[in-house]
Amino acid sequence: MGPDDVVLEVGAGTGGMTAFLAQQAAAVISVEVDEKIFRLAESFVAGYPNVTLLRTDVLKNKNSFSPIVLETVEQKLAEDPNRRLKLVSNLPYSVATPVVSNLVATELPWELMVVTIQKELGYRMAAKPGRSNYGALSVWLQAQCRVKILKILPPSVFWPRPQVRSAVVRLLPHEQRRKRIEDRPFFHDFVRRLFQQRRKLLRSGLIGMYRKQLRKEDVDALLQALEISPQARAEDMGVETLVELSNRVHQRLRDDVGIDVIGREGE
């Protein structure tokens, strides 16, 4: 943490960690939806002029941040061209997945996320191919980030105590991996839909997903070009292979069928 950091904290609680962050960062934006807890945090951080407390839901919906949160982050970043964004938060379990996933999806200059989340979610984020918890979230994050579980925490370190164990997870952006993705919204949609039918053969899943745009022969040609077996399943495919497959499908839809955006025919 340093003087060029803009820190986003989701779930201010009583303000203890907010104050700690404010002592080191250029600006802290802390979001708390509960009015009573918000008032406690407001009182606790009253002496820190670099703290902005927002009493709002961090999300507009599961696919996007609240506009006021984004506007505040962008405003604080714009105050100095050297500023970079960090997410440091004990994330409420109910919003942990969309907060992390949506931040990765933005064009904001984030350089670090350190989040405390439910242990099982942390394992999903870091899961490898062939594991039961490897899925769309694993692929989406690992295609653009380095994901590492730093520590597992027992319920006893929290008050009130949760019923589950927690994990401290660190995510670092990986620009080289991200650049390999031709169209990130398409890729996000691609892996999400593909893993909704994870038990199907990859070939069958692709045929079903693009039945109106691609023939079976087209799907077979795409798989053959990447030397992917017709018997393969998405859950066994590595991240780099799925990125390349998404790129090839996107190119085929764009060039041969006239699809230039997810599910929309080009004019």
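Keep in mind the model is a prediction, meaning the values are calculated, not measured.

**Student:** Break down the packing of helix α9 (residues 202–209) against helix α10 (residues 216–225) for me, with residues and values.
**Tutor:** Two elements in contact, α9 and α10, have axes separated by 10 Å at closest approach and are oriented at 135°. The angle between α9 and α10 places the two elements in the oblique class. Classified by chirality, the crossing of α10 by α9 is right-handed. Residues Leu-202, Arg-203, Leu-206 and Ile-207 of α9 touch α10, and the partners they reach there are Lys-216, Val-219, Asp-220 and Leu-223. Of the residues belonging to the contact of α9 with α10, the class tally is five nonpolar, no polar and three charged.

**Student:** Please provide a residue-by-residue account of the sheet that holds strand β3 (residues 51–54), values included.
**Tutor:** With mixed pairing, seven strands are arranged side by side in an open sheet as β3-β2-β1-β6-β7-β9-β8. In this open sheet, the two edge strands, each paired with only one partner strand, are β3 and β8 (145–153). The average undirected angle you get between the axes of adjacent strands in this sheet is 15°. Relative to β3, strand β2 (residues 27–31) runs parallel, the two being bridged by four bridges.

**Student:** An account of the side chain of Lys-76 is needed here, citing residue identities and associated values.
**Tutor:** As for its position among the elements, Lys-76 is in helix α3 (residues 67–78). Relative accessible area serves as the criterion here: at 17%, Lys-76 is assigned to the buried category.

**Student:** Break down the environment of Pro-81 for me, with residues and values.
**Tutor:** Turning to its location among the elements, Pro-81 is positioned in the loop between α3 and β6 (84–90). Relative accessible area serves as the criterion here: at 72%, Pro-81 is assigned to the exposed category. A C-alpha to C-alpha distance of 9.2 Å links Pro-81 and Asp-4, two positions 77 residues apart in sequence.

**Student:** Got a sec to walk through the nonpolar core? Specific residues and values, please.
**Tutor:** Looking at soluble globular proteins, one finds that nonpolar side chains tend to be buried together. Core analysis: the biggest nonpolar cluster contains 67 residues, and Leu-171, Phe-190 and Leu-206 have the highest contact counts within it. Residue contacts for Leu-206: discarding those within four places in its chain leaves Phe-190, Leu-194, Val-219, Leu-223 and Leu-245. The next biggest cluster of nonpolar side chains, apart from the first, holds 13 residues, and it includes Leu-21, Val-28, Ala-41 and Val-88.

**Student:** Outline the layout of surface pockets, supporting the account with residue identities and numerical values.
**Tutor:** Of the volumes computed, that of the largest pocket is approximately 780 Å³. In this structure, the largest pocket is lined by 29 residues; those nearest its centre are Gly-11, Gly-13, Glu-32, Asn-90 and Pro-92. Looking at the lining of the largest pocket, the elements that each hand over two or more residues are β1 (5–10) and α1 (16–22). For the lining of the largest pocket, the class distribution of residues is 16 nonpolar, ten polar and three charged. Size it by volume and the second largest pocket reaches roughly 480 Å³. The wall of the second largest pocket is formed by 15 residues, among which Lys-62, Asn-63, Ser-101, His-188 and Arg-192 lie closest to the centre. Mapped by element, the contributors of at least two residues to the lining of the second largest pocket are α4 (96–105), α6 (136–142) and α8 (184–195). Sorting elements by how many residues they give to the lining of the second largest pocket places α4 first, with five residues.

**Student:** I'd like a rundown of the side chain of Thr-106, residues and numbers included.
**Tutor:** Looking at where Thr-106 falls in the secondary structure, it is placed in the loop between α4 and β7 (110–118). A residue is classified by how much of its surface remains accessible, and Thr-106, at 16% relative accessible area, is buried. At 3.2 Å, the side chain of Thr-106 and the backbone nitrogen of Leu-108 are in polar contact. Residues within four places of Thr-106 in sequence aside, it is in contact with Phe-65, Arg-178 and Arg-184.

Procedures and definitions
Residues numbered from 1 in each chain as written. Predicted model: local features only at pLDDT ≥ 70, side-chain atom pairs only at ≥ 80, totals over all residues. Heavy atoms only, no water. Axes fitted to C-alpha atoms, helices over the stretch in contact; angles between N-to-C directions. Helix = DSSP H or I, 4+ residues; strand = E, 2+ residues; numbered from the N terminus. Parallel < 35°, antiparallel > 145°, perpendicular 65-115°, else oblique. Left-handed = near helix turned anticlockwise from the far one by under 90°. Contact = heavy atoms within 4.5 Å. Nonpolar A, V, L, I, M, F, W, Y, C, P; charged D, E, K, R; others polar. Pairing = 2+ DSSP bridges. Buried < 20%, exposed > 50% of the residue type's maximum accessible area, 1.4 Å probe, protein only. Core = buried A, V, L, I, M, F, W, Y, C linked by side-chain atoms within 4.5 Å. 1 Å grid on protein atoms, 1.4 Å probe; cavity = no way out; pocket = protein on both sides within 12 Å on 5 of 7 lines; lining within 4 Å. Points joined across faces, edges and corners; volume = space filled by probe spheres on them. Polar contact = N/O pair within 3.5 Å; in protein donor to acceptor, adjacent residues only side chain to side chain.

Distances and angles like these do not, on their own, reveal function.
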